[in-house]
Amino acid sequence: MSISEGKLFIGGEWVEPDGGHYDVVDPASEEIVGRAPEASRQQVHDAARAAHDAFETWSRTTPGERSAILGRAADVMQRDFAANAELAQAESGATAGTARGMQVAVGVARFRRYAQGALEPVEEGLPPQINEAGPMGKAGVMGALAVRQPVGVVTCITSYNNPWANPAGKVAPALAMGNTVVVKPAPQDPLSVYRMAAALEEAGAPPGVVNVVSGAAVDVGEAAVDSGDVDMVSFTGSTAVGQRIGEVCGRTMKRQLMELGGKGAAVVFGDADLDSAVAGIGTTYAFYSGQICTAPTRAIVHRSVYDEFVAKLTAYIGFMKVGDPRAKGTVVGPVISGAHRERVESYVELGRKEGATVVAGGERPAFDKGFYVAPALLADCTNDMRVVREEIFGPVVAVVPFDGDEDEAVALANDSDYGLIDYVWSGDVARAFRVARRLRAGGVGVNTVGRNMEAPFGGFKQSGVGRDVGSYALHAYSELQSIVWPG
């Protein structure tokens, strides 16, 4: 696989950036991983124009042709698996297991999934309708077909917490449906996305079908959204940025797929398996050092088991070894940057001032370099506290007790601006499912934090717009067209 270091990928060419380069920093060592290209606004628009010009031909390729290219790209990514995982780890600060198993491996798996997805039917026959004679014509039988058509040019703006799985989850289904893409990676870890583009180039993706433009400046992302050649924006990131993107898209009716913030509520009833609940909620600390929107960061725990739950979760943190993500046994690596570390630490201090009990965390781990944060547990919280209401995006769990019944638990869980994924732990499965149906969230885990990767993924309220994953991603990157005819 060939990749031109420090260059943008526009119209099938590796292009020198107008804005020079900026450093990509390893969050664990603070050493420079590489130099990323800084695109100009014009270069972003050039990428969108290249995607626009490539769309007509690409959208008319056969599903088999698109499937073959996606499959070959997956093979190239798998061939270079070790190097890809090493780069992902260096850029994102992920542990070795996460970089390999949750980043690169998931990226490869998504390309393979949508190589098959390209072959899924896009036409659905509808029941014929009998029309009586009238102003619209003679009496007759009207047949109808619902056809999924590609949207056009899709801007994919990706998150920093997973530089392989997140871009793959956008690019692969978009291409499978016959769209062309402009990818604007997160500024913190864009180098992996250029490797993905190089894999697609080697796999035979025609020029302009995939374009990658990076930059630390806000102008780069803005240009990728406001270009007149862009038909849809797929964004993963904060709710605040998503709102601004939505405003721009609304001006020209661009389609949107938004996977935004989360503040997952984990309702733990008195009859729950506490060890299972603690292990599930403890993933907040382990995966991506809490930098994951699906994390159960609000534990809403019945008073009858509250003290035992807090004690067990405190003990669980004791096994969360913080340190160099390349070292054996490390569970919690660094957060993405020094600025983000300060943000997370400020929230822990805010919780203390708001009246929460800081059971664990609050101190900075003693490392000479790296952006490390001690996993924090905030107990005795109430729903009016900012640490309960706002997304911290770090290894912090806030615990809120409740004394009453299901109604109180549901009210506390739903009292949030967010609604991405919530969780319920109870020994009474009927109750768990009953409560799950009442939670205002796009997904609910019942006695698990596991995911079904064919289930629709997305959020209620300020957690997003639209759904992806599995076949739902193919739907997200398509428009429905109706074709009718007289029978």
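Please read these numbers as outputs of a predicted model, since none were measured by experiment.

**Here's the deal with the side chain of His 302**
Step number 1: Checked against the element boundaries, His 302 lands in strand β13 (residues 298-302).
Step number 2: With relative accessibility at 18%, the residue His 302 sits in the buried group.
Step number 3: If we ignore the near neighbours within four places in the chain, the residues touching His 302 are Val 268, Phe 269, Gly 270, Phe 402, Asp 403 and Gly 404.

**With respect to the environment of Ala 311**
Step number 1: For Ala 311, the position within the fold is in helix α11 (residues 303-317).
Step number 2: With 33 residues separating them along the chain, Ala 311 and Val 278 place their C-alpha atoms 9.9 Å apart.

**A closer look at helix α15 (residues 429-438)**
Because the α-helix completes a turn every 3.6 residues, residues three or four places apart line up on one side.
Step number 1: Within α15 the residues assigned to the buried category are Arg 431, Ala 432, Val 435 and Ala 436. Here the buried residues of α15 occupy an arc of 135 degrees about the axis, which is enough to place them on one side. Turned more than 90 degrees from where α15 packs its buried face, Ala 430 and Arg 437 sit exposed.
Step number 2: Against α14 (406-414), β18 (421-425) and β19 (443-446) lie the buried residues of α15.
Step number 3: For α15, the N-terminal capping position is held by Asp 428, with its side-chain oxygen 3.2 Å away from the main-chain nitrogen of Ala 430.

**Some thoughts on the packing of helix α5 (residues 165-176) against helix α6 (residues 191-203)**
Step number 1: Closest axis-to-axis distance for the α5/α6 pair is 11 Å, and the angle between their directions is 25 degrees. The orientation of α5 relative to α6 falls into the category roughly parallel. In the packing of α5 onto α6, the handedness of the crossing is right-handed. Residues Pro 167, Ala 168, Val 171 and Leu 175 of α5 pack against Val 193, Met 196 and Leu 200 of α6.
Step number 2: Split into classes, the residues belonging to the contact of α5 with α6 amount to seven nonpolar, no polar and no charged.

**A word on the nonpolar core**
Step number 1: Counting residues in each nonpolar core, the largest one holds 73 residues, and the members touching the most others are Phe 111, Leu 175, Val 181 and Leu 200.
Step number 2: The dominant element in this core, judged by the number of residues it contributes, is α6, at eight residues.
Step number 3: Not counting chain neighbours up to four residues away, the residues in contact with Val 181 comprise Ala 51, Val 154, Cys 156, Val 171, Ala 174, Leu 175, Val 209, Val 210 and Asn 211.
Step number 4: Listed in part, the 35 residues of the second largest apolar core include Ala 277, Val 305, Ala 379 and Leu 420.

**Observations concerning the environment of Val 397**
Step number 1: By secondary structure assignment, the location of Val 397 is in strand β16 (residues 396-402).
Step number 2: As for Val 397 and Thr 284, which are separated by 113 residues in sequence, their C-alpha atoms are 7.3 Å apart.
Step number 3: Once residues lying within four places of it in the same chain are set aside, the contact partners of Val 397 are Ile 281, Thr 284, Tyr 285, Pro 296, Thr 297, Ala 299, Leu 313, Ala 376, Leu 377 and Leu 378.

**Re the packing of aromatic side chains**
Step number 1: Applying the stated rule across the entire model yields seven aromatic pairs.
Step number 2: Pairing Phe 9 with Trp 14 gives two aromatic rings, centres 4.6 Å apart and planes at 40 degrees, and the pair type is tilted. The pair Phe 9 / Trp 14 is uniform in exposure class, with both members buried.
Step number 3: Through a chain of ring-to-ring contacts, the aromatic side chains of Phe 9, Trp 14 and Tyr 194 assemble into a single cluster.
Step number 4: The residue whose ring lies beneath Arg 303 is Tyr 306, and the NZ or CZ to ring-centre distance is 5.8 Å.

**Quick look at the pattern of salt bridges**
Step number 1: Taken as a whole and assessed by the stated rule, the structure comprises 22 salt bridges.
Step number 2: With its nearest N and O atoms 3.0 Å apart, the salt bridge here joins Glu 120 to Arg 113.
Step number 3: Between Arg 113 and Glu 454 there is a salt bridge; the shortest N-O distance is 2.8 Å. Of the two residues, Arg 113 is situated in helix α4 (residues 96-117) and Glu 454 in the loop between β19 and β20 (460-461); the sequence distance between them amounts to 341 residues.
Step number 4: The exposure class of Glu 454 is partly exposed, given its relative accessible area of 38%.
Step number 5: Here the salt bridges do not stand alone but share partners, grouping Arg 49, Asp 53 and Asp 229 into one network.

**Observations regarding the layout of surface pockets**
Step number 1: Size it by volume and the second largest pocket reaches roughly 290 Å³.
Step number 2: Lining the second largest pocket are 20 residues; nearest its centre among them are Arg 66, Glu 120, Val 122, Arg 148 and Met 177.
Step number 3: At the level of secondary structure, the elements contributing two or more residues to the lining of the second largest pocket comprise α2 (63-79), β6 (140-150) and α16 (471-476).
Step number 4: Top contributing element to the lining of the second largest pocket by residue count: β6, with four residues.
Step number 5: Grouping the constituent residues of the lining of the second largest pocket by class yields ten nonpolar, six polar and four charged.

**Notes on the side chain of Glu 406**
Step number 1: With respect to the helices, strands and loops of the structure, Glu 406 is situated in helix α14.
Step number 2: For Glu 406, a relative accessible area of 16% corresponds to the buried category.
Step number 3: A distance of 2.5 Å separates a polar atom in the side chain of Glu 406 from a polar atom in the side chain of Arg 434.
Step number 4: When residues no more than four places from it in sequence are discounted, the contact partners of Glu 406 are Phe 269, Arg 431, Arg 434, Val 435 and Arg 438.

**Quick word on the packing of helix α3 (residues 81-92) against α6**
Step number 1: Across the interface, α3 lies against α6 with an axial gap of 9 Å and an inter-helix angle of 155 degrees. Accordingly, the angle class assigned to the pair α3 and α6 is roughly antiparallel. Contacts between α3 and α6 involve Ala 83, Asn 84, Leu 87, Ala 88 and Glu 91 on the former and, on the latter, Leu 191, Ser 192 and Arg 195.
Step number 2: Taken together, the residues of the contact of α3 with α6 break down into four nonpolar, two polar and two charged.

**Quick look at the state of the cysteines**
Step number 1: Counting across every chain of the model gives zero disulfides.
Step number 2: Here Cys 156 is not cross-linked by a disulfide; its sulfur's nearest cysteine counterpart is in Cys 249, at 12 Å.

The rules we used
- Residues numbered from 1 in each chain as written.
- Predicted model: local features only at pLDDT ≥ 70, side-chain atom pairs only at ≥ 80, totals over all residues.
- Heavy atoms only, no water.
- Helix = DSSP H or I, 4+ residues; strand = E, 2+ residues; numbered from the N terminus.
- Buried < 20%, exposed > 50% of the residue type's maximum accessible area, 1.4 Å probe, protein only.
- Contact = heavy atoms within 4.5 Å.
- Arc of directions from axis to C-beta.
- Polar contact = N/O pair within 3.5 Å; in protein donor to acceptor, adjacent residues only side chain to side chain.
- Axes fitted to C-alpha atoms, helices over the stretch in contact; angles between N-to-C directions.
- Parallel < 35°, antiparallel > 145°, perpendicular 65-115°, else oblique.
- Left-handed = near helix turned anticlockwise from the far one by under 90°.
- Nonpolar A, V, L, I, M, F, W, Y, C, P; charged D, E, K, R; others polar.
- Core = buried A, V, L, I, M, F, W, Y, C linked by side-chain atoms within 4.5 Å.
- Phe/Tyr/Trp six-rings, centres within 6.5 Å; stacked < 30°, edge-to-face > 60°.
- Lys NZ or Arg CZ within 6 Å of the ring centre and 35° of its normal.
- Salt bridge = Lys/Arg side-chain N within 4 Å of Asp/Glu carboxyl O.
- 1 Å grid on protein atoms, 1.4 Å probe; cavity = no way out; pocket = protein on both sides within 12 Å on 5 of 7 lines; lining within 4 Å.
- Points joined across faces, edges and corners; volume = space filled by probe spheres on them.
- Disulfide = S-S within 2.5 Å.

All we've got here are geometric facts, nothing functional implied.
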